[in-house]
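The residues making up each chain are set out below.
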Amino acid sequence: MQYSIFNLIREGINKHKGWPAAFRHPEPKERYDVIIIGGGGHGLATAYYLAKEHGIRNVAVVEKGWLGGGNTGRNTTVVRSNYLWDQSAFLYEKSLKLWEGLTQDLNYNLMFSQRGVLNLCHNLHDLRELHRRINAIRLNDIDSEYLTRDQVKAFVPILNMDPNIRYPILGGSLQRRGGNARHDAVAWGFARAADRLGVDILQNCEVMAILRDGAKVTGIETTRGTIRAPKIGAVVAGHASVVAGMAGIRLPIESHPLQALVSEPIKPILHTVIMSGAVHVYVSQSDKGELVMGAGIDTFNSYAQRGSLQVIEDQMAAVVELFPMFSRLRMMRQWAGIVDVCPDASPIVSKTPVEGFYVNCGWGTGGFKATPGSGWVFAHTIAQDRPHRLNEAFNIERFSTGELIDEHGAAAVAH
Amino acid sequence: MHLIACPWCGPRDEVEYAYGGEGHIARPARPEALSDGAYADYLFMRRNPKGVHAERWVHAAGCRRWFNVLRDTVSHRILAVYKMGEPRPEAGP
Ligand SMILES: Cc1cc2nc3c(=O)[nH]c(=O)nc-3n(C[C@H](O)[C@H](O)[C@H](O)COP(=O)(O)OP(=O)(O)OC[C@H]3O[C@@H](n4cnc5c(N)ncnc54)[C@H](O)[C@@H]3O)c2cc1C
Ligand SMILES: [Zn+2]
């Protein structure tokens, strides 16, 4: 059933008894044309675009837990496209353009809110680097503007503008088209839209092995039995090394915990997203009123979905210096996701030496914003067996050729 | 939060240490002879196991010496601590 104001009114009169399930829970078929491993936003988006853009509908998405139970449901939902290098700028901007029409396209309210993303700078070098970045971004036709110290103050009056703090605010760059979206809705929206095009979504189905015939993949061994397909795409974020390892592929990825926390809900106080690489803060306010804040990664490798306390302490110290009024807030919940960190802070969306096996990983601390774009280019890569122009540079060979895409600066803080 | 026993100073809080990533990656004896692929493998490719990981730590805010740790990346349990240059022990208890 289409979600619309008319159906909402009809169901309202009907006491909401007529809504059908958003998607099916089918039994696995024996064989598909494509299997996507990982039911996070990226995997579900890939399946959706395979069906919608490439007419490949005999597709399964295989998820070991529940939809969006990975980083998709654990992130702080910052969406933006202000990246330095051309390759990244084009890929993230493609994604942002898709975001702008996605609620209508999926017929699912993603609560996408272009409230702006403001990056602060705190020293002279920051300031110069910020100008360089703004210029590079604008040359790529992406919106980015400089705010002076006074403009920052006018835009977010609750910021601490005291020039005598350890890291005084000197200015900032604003991407007005950036903002937030509702993370769960992204997983559910893509799942429902993919399901309506015939995609099977198989939850509680963990991939244990990848079956090969020589240099070709033939299927997967799962907790719900053997499923065959000539093409398999792995989109498993923190588990990238584990699943690629099943196909005999080594990756330059390391898995780390990344923590976030939310405060008790308060009245509207922060209307935009604030980020600062120097003191490591990213904070926004959810529609429920909670302040949503992300910390940095724990340095050690981990699959435990929990991090250490000092990382949160550092994050809170920075938040309280920037927003002294937040010091009285109580934090309600804290959690971690396992992020797949790549040496150049850029993703890998690529074919592999194993025929029919494709990987999409390395989004690390900042892949939520890329969800639709990542799915879009990955669907193309799988359907055509070659990358799209937008993800050509994000291949796995770049670690041998040296053509790295160093986005540590634009990735700035984990977000 | 880990409690790590430095081989020289004994058990100390994780905040005193810095992490050094996967252990036992030997610097190639003749780097100029490596192929691009072998170089990529040395520089970038990592085991990143879900389970027991042999890794390096340095007691940055203490004796400042490096050592190896065998640690489970799922339970965060430390299975062994051993000195640089020593072989990786069997995965402990
Ligand atoms: C705390 C935190 C804050 C973040 N903040 C931001 C932000 O503000 N902005 C931003 O752009 N990005 C952010 N990110 C990063 C972002 O969340 C991720 O890059 C993105 O969500 C990854 O999506 P995904 O679909 O690839 O992965 P996931 O949503 O993690 O999906 C992968 C799925 O694969 C499944 N899986 C794993 N192994 C198997 C197996 N063997 N068989 C079957 N299924 C398997 C997992 O269960 C999981 O559901 C943040 C991440 C964290 C943890
Ligand atoms: Zn010591």
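Reading the values: the criteria
Residues numbered from 1 in each chain as written. Chains lettered and ligands numbered in written order. Predicted model: local features only at pLDDT ≥ 70, side-chain atom pairs only at ≥ 80, totals over all residues. Heavy atoms only, no water. Donors = N, O, S within 2.8 Å, 3.2 Å for Na, K, Ca; no water. Tetrahedral: all angles 85-135°; square planar, octahedral: opposite > 155°, others 65-115°. Buried < 20%, exposed > 50% of the residue type's maximum accessible area, 1.4 Å probe, protein only. Contact = heavy atoms within 4.5 Å. Buried area = accessible area lost by both parts, 1.4 Å probe. Salt bridge = Lys/Arg side-chain N within 4 Å of Asp/Glu carboxyl O. Phe/Tyr/Trp six-rings, centres within 6.5 Å; stacked < 30°, edge-to-face > 60°. Helix = DSSP H or I, 4+ residues; strand = E, 2+ residues; numbered from the N terminus. Axes fitted to C-alpha atoms, helices over the stretch in contact; angles between N-to-C directions. Parallel < 35°, antiparallel > 145°, perpendicular 65-115°, else oblique. Left-handed = near helix turned anticlockwise from the far one by under 90°. Nonpolar A, V, L, I, M, F, W, Y, C, P; charged D, E, K, R; others polar. Pairing = 2+ DSSP bridges.

Some details on the coordination of the zinc ion (ligand 2)
Put simply, the ideal angle at a metal is 109.5 degrees for four donors in tetrahedral geometry and 90 or 180 degrees for six donors in octahedral geometry.
All names here are of chain B.
Part 1 of the reasoning: Coordination of the zinc ion (ligand 2) by the protein involves C6 (SG), C9 (SG), H59 (ND1) and C63 (SG), with metal-donor separations of 2.0 to 2.3 Å.
Part 2 of the reasoning: Coordination at the zinc ion (ligand 2) is tetrahedral: its four donor atoms span angles of 105 to 120 degrees at the metal.
Part 3 of the reasoning: Linear spacing of the donor residues for the zinc ion (ligand 2) on their chain is C-x2-C-x49-H-x3-C.
Part 4 of the reasoning: For C63, a relative accessible area of 26% gives the class partly exposed.

Remarks on the interface of chain A and chain B
Part 1 of the reasoning: Each partner contributes residues to the interface: chain A has 26 residues there, and chain B has 24 residues.
Part 2 of the reasoning: The contact between chain A and chain B buries some 2,100 Å² in all, and 52% of this surface belongs to carbon and sulfur atoms.
Part 3 of the reasoning: When the buried surface of chain A facing chain B is broken down by residue, R250(A), N301(A) and Y303(A) rank first, second and third, together holding 29% of it.
Part 4 of the reasoning: On inspection of chain A and its partner chain B, the count reaches one salt bridge.
Part 5 of the reasoning: Between D41(B) and R250(A) there is a salt bridge, with the nearest N and O atoms lying 3.0 Å from each other.

Re the packing of aromatic side chains
All names here are of chain A.
Part 1 of the reasoning: On inspection of all chains with the given rule, the structure shows 16 aromatic pairs over all chains.
Part 2 of the reasoning: Look at Y49 and F190: their rings are 6.0 Å apart centre to centre, the planes differ by 65 degrees, and that puts the pair in the edge-to-face class. Of this pair, Y49 sits in helix α2 (residues 41-54) while F190 sits in helix α6 (residues 183-196), placing them 141 residues apart in sequence. There is no split in this pair, since Y49 and F190 are both buried.

Comments concerning the packing of α2(A) against helix α9 (residues 371-384) of chain A
Residue and element names in this part refer to chain A.
Part 1 of the reasoning: Interaxial distance between α2 and α9 falls to 7 Å at its minimum, and their mutual angle equals 55 degrees. Comparing the axis directions of α2 and α9 gives the class oblique. Regarding α2 and α9, the two cross each other, and that crossing is right-handed. Across from G41, H42, A45, T46, Y49, L50, E53 and H54 in α2, the residues of α9 making contact are T371, P372, S374, G375, W376, F378, A379, H380, I382, A383 and Q384.
Part 2 of the reasoning: Each residue belonging to the contact of α2 with α9 can be placed in one class, and the counts come to nine nonpolar, nine polar and one charged.

A few points about the sheet that holds strand β6 (residues 171-175) of chain A
Residues and elements named next belong to chain A.
Part 1 of the reasoning: The strand order β5-β6-β4-β14-β15-β16-β13-β17 describes an open sheet built from eight strands, whose pairing is mixed. Unpaired on one side and paired on the other, β5 (145-148) and β17 (331-341) mark the two borders of the sheet. Between one strand axis and the next, the sheet turns by 25 degrees as a mean value, whatever way the strands run.
Part 2 of the reasoning: Relative to strand β16 (residues 291-297), strand β15 (residues 281-285) runs antiparallel, the two being bridged by four bridges. Note on β16: the bridge partner recorded for Y282 is G294.
Part 3 of the reasoning: Set on the sheet, helix α4 (residues 124-139) makes contact with β4 (117-121), β5 and β6; between it and β5 the angle comes to about 150 degrees.

Overview of the pattern of salt bridges
All names here are of chain A.
Part 1 of the reasoning: For the structure on display, the rule yields 25 salt bridges over all chains.
Part 2 of the reasoning: Where E53 meets K52, a salt bridge forms, and the shortest distance between an N and an O atom there is 3.7 Å.
Part 3 of the reasoning: Take E53: its relative accessible area is 39%, and that puts it in the partly exposed class.
Part 4 of the reasoning: For D287, the salt bridge is made with R115, and the minimal N-O distance between the two is 3.4 Å. Here D287 is found in the loop between β15 and β16, whereas its partner R115 is found in the loop between α3 (86-106) and β4, with 172 residues between them in sequence.

Details of the pairing of strand β3 (residues 18-22) of chain B
All names here are of chain B.
Part 1 of the reasoning: Taken across its five residues, β3 has four buried, putting it largely inside the fold.
Part 2 of the reasoning: Bridge analysis of β3 against strand β4 (residues 52-58) gives three bridges, and the strand direction is antiparallel. Bridging across to β4, A18 finds its partner in V58.

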